[in-house]
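# Chains, contacts and geometry: an overview
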Amino acid sequence: MKPAAAASKAWQAFARADDSVLMRGAFYGLLATAALFVVIDLRELAGEAETAMPGHDPLQTDQPVLPPALTDGKPHAPPVEPTTPSERLRQPIRFELQPGGILLAEGAIDPGAAARFQTEIEARGEYVKTVLLNSPGGAVDDAVAISSLIREKKLTTRVTTGALCASSCPIVMAGGVTREAEKDAVIGVHQVFNGSRERPSPEEAMSSAQATTARVARHLQEMGIGPGLWFHALETPPDRLYYLTEAELKAFKLVTSAPPPQPVARKK
């Protein structure tokens, strides 16, 4: 087909598309662009064998536990400083049972956190009703697994005043049947990244970035979260945070006073 004819045919198809198709097209385009930038970053860093991958890892003691806000100019501090000492937040996440059916989940989400959380929930039976989150984030796969178990058990998630829920922690928060954030709770998102010192090839990096992005986006959709939350995450470099306002938390349905609709089971 000649280029002019192909362009004409593409434009006609575009004109017939409804808004939902256009939104999906824009969304997947953004995912592809995010994956492309991951590959570009990897190519630029290929010769730096002794440095870590770009991004903010709360488990690393040579980094601040909370990255600065996303801005066009000089980085800004978070809107509210977390009240928990950084030394506690950067420790591997621990689960502490409190009165009233509350389970405190505090610390960085390290690989293996999901297995420990499952053991804790199984041991506590029907006692746990609410999971209090205070975490700078961490391993995405474990965050998704914890979030899924929270939804399966129909638990509430809550971030209290002065507590932190950043990076992959909002994925965990999304699992709550009811999701609550008190005034001056610190909640923020940014891009996922490879925190390992291993250097994947550009092809492996692109495949991993696309798979992770799709998996998180699908999970958030199933949890009833608005797509705007993930858009902000994709747009924010991994060494910055996009801090969510109270209005955005409600608009993106990350906080809700009523149980969100249950996800529809997908056919296998």
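Let me sum up the structure you'll find in this document. (Residues numbered from 1 in each chain as written. Predicted model: local features only at pLDDT ≥ 70, side-chain atom pairs only at ≥ 80, totals over all residues. Heavy atoms only, no water.)

## Things to note about the overall build of the protein chain
Along the protein chain, the regular secondary structure elements total 9 helices and 8 strands. Total accessible area computed for the protein chain in this model is approximately 14500 Å², and 56% of it derives from carbon and sulfur atoms. (Helix = DSSP H or I, 4+ residues; strand = E, 2+ residues; numbered from the N terminus. Areas by Shrake-Rupley, 256 points an atom, 1.4 Å probe, with all protein chains shown as cover.)

## A few points about the pattern of salt bridges
For the coordinates displayed, the defined rule picks out 7 salt bridges. The closest approach of N and O atoms between glutamate 106 and arginine 94, which form a salt bridge, is 2.9 Å. Of this pair, glutamate 106 sits in strand 2 (residues 102-106) while arginine 94 sits in strand 1 (residues 94-98); the two residues are 12 residues apart in sequence, bridging distant segments of the chain. Relative accessible area serves as the criterion here: at 6%, glutamate 106 is assigned to the buried category. Overall, the relative accessible area of 31% leaves arginine 94 in the partly exposed class. Of the charged contacts in the structure, one is a salt bridge between arginine 124 and glutamate 120, with a shortest N-O distance of 2.9 Å. Placement of the pair is arginine 124 and glutamate 120 together in helix 4 (residues 113-124), with a separation of 4 residues, close to one helical turn. On the basis of relative accessibility, which here comes to 35%, the residue arginine 124 falls in the partly exposed class. Residue classification places glutamate 120 among the buried residues on the basis of a relative accessible area of 15%. (Salt bridge = Lys/Arg side-chain N within 4 Å of Asp/Glu carboxyl O. Buried < 20%, exposed > 50% of the residue type's maximum accessible area, 1.4 Å probe, protein only.)

## Details of the state of the cysteines
In total, this model carries 1 disulfide according to the counting rule given. Disulfide pairing is shown between cysteine 165 and cysteine 169; the S-S distance is 2.2 Å. The sign of the S-S torsion, about -100°, decides the handedness of the disulfide formed by cysteine 165 and cysteine 169: left-handed. Side by side, cysteine 165 and cysteine 169 carry an identical accessibility label, which is buried. (Disulfide = S-S within 2.5 Å.)

## Some points on the nonpolar core
Ranked by internal contacts, the top residues of the largest apolar core, which has 45 residues, are Phe117, Leu133, Leu244 and Leu254. Contributions of two or more residues to this core are made by strand 2, helix 4, strand 3 (130-134), helix 5 (140-152), helix 6 (169-174), strand 7 (186-189), helix 7 (202-222) and helix 8 (227-235). Of the residues forming this core, the biggest block, 6 residues, is contributed by helix 5. Discounting residues that sit within four places of it in the chain, leucine 254 has contacts with Pro170, Met173, Ala174, Arg179, Ile187, Ile225, Leu229, Leu244 and Leu249. Membership of the second largest hydrophobic core comes to 6 residues, among which are Leu164, Ala166, Leu241 and Tyr243. (Core = buried A, V, L, I, M, F, W, Y, C linked by side-chain atoms within 4.5 Å. Contact = heavy atoms within 4.5 Å.)

## A closer look at the packing of helix 4 against helix 5
In the contact formed by helix 4 and helix 5, the axes pass within 8 Å of each other and the chain directions differ by 20°. What the angle tells us is that helix 4 and helix 5 run roughly parallel. Of the two elements, helix 4 crosses helix 5, and the hand of that crossing is right-handed. Between helix 4 and helix 5, the contacting residues are Ala113, Ala114, Phe117, Gln118 and Ile121 on the first element and Asp142, Ala145, Ile146, Leu149 and Ile150 on the second. For the contact of helix 4 with helix 5, the class distribution of residues is 8 nonpolar, 1 polar and 1 charged. (Axes fitted to C-alpha atoms, helices over the stretch in contact; angles between N-to-C directions. Parallel < 35°, antiparallel > 145°, perpendicular 65-115°, else oblique. Left-handed = near helix turned anticlockwise from the far one by under 90°. Nonpolar A, V, L, I, M, F, W, Y, C, P; charged D, E, K, R; others polar.)

## Remarks on unusual backbone geometry
Phi at serine 167 is positive, roughly 60°, even though this residue is not glycine. Of note, serine 167 is situated in the loop between strand 5 (164-166) and helix 6.

## Regarding the pairing of strand 2
Put simply, side chains in a regular strand alternate between the two faces of the sheet. For strand 2, the buried fraction is high: 5 of the 5 residues fall into the buried class. Taking every second residue as pointing to the same face, both faces of strand 2 are buried, with Ile102, Leu104 and Glu106 on one and Leu103 and Ala105 on the other. Here 5 bridges tie strand 1 to strand 2, and the two strands are oriented antiparallel to one another. Of the residues in strand 2, the one forming a bridge with leucine 97 is leucine 103. For strand 2 and strand 3, the ladder comprises 5 bridges, and the chain directions are parallel. Note on strand 3: the bridge partner recorded for glutamate 106 is asparagine 134. (Pairing = 2+ DSSP bridges.)

## Topic: helix 5
Between the first and last C-alpha of helix 5 there are 18 Å, a value that for 13 residues agrees with the 18 Å anticipated at 1.5 Å per step. Of the residues making up helix 5, those classed as buried are Val140, Asp142, Ala143, Val144, Ile146, Ser147, Leu149, Ile150 and Arg151. (Expected span 1.5 Å × (residues − 1).)

## What about the sheet that holds strand 6 (residues 178-181)?
Spatially, 1-2-3-4-6 is the arrangement adopted by the 5 strands of the open sheet, whose pairing is mixed. The open sheet has two free edges, formed respectively by strand 1 and strand 6, since each of these has just one partner strand. On average, each strand axis in the sheet is inclined to that of its neighbour by 20°, with strand direction left out of account. Note: strand 3 against strand 4 (residues 156-159), 3 bridges, orientation parallel. When the bridges of strand 4 are listed, leucine 132 appears paired with arginine 158. Packing against the sheet, helix 4 makes contact with strand 1, strand 2 and strand 3, and its axis sits at approximately 20° to strand 1.

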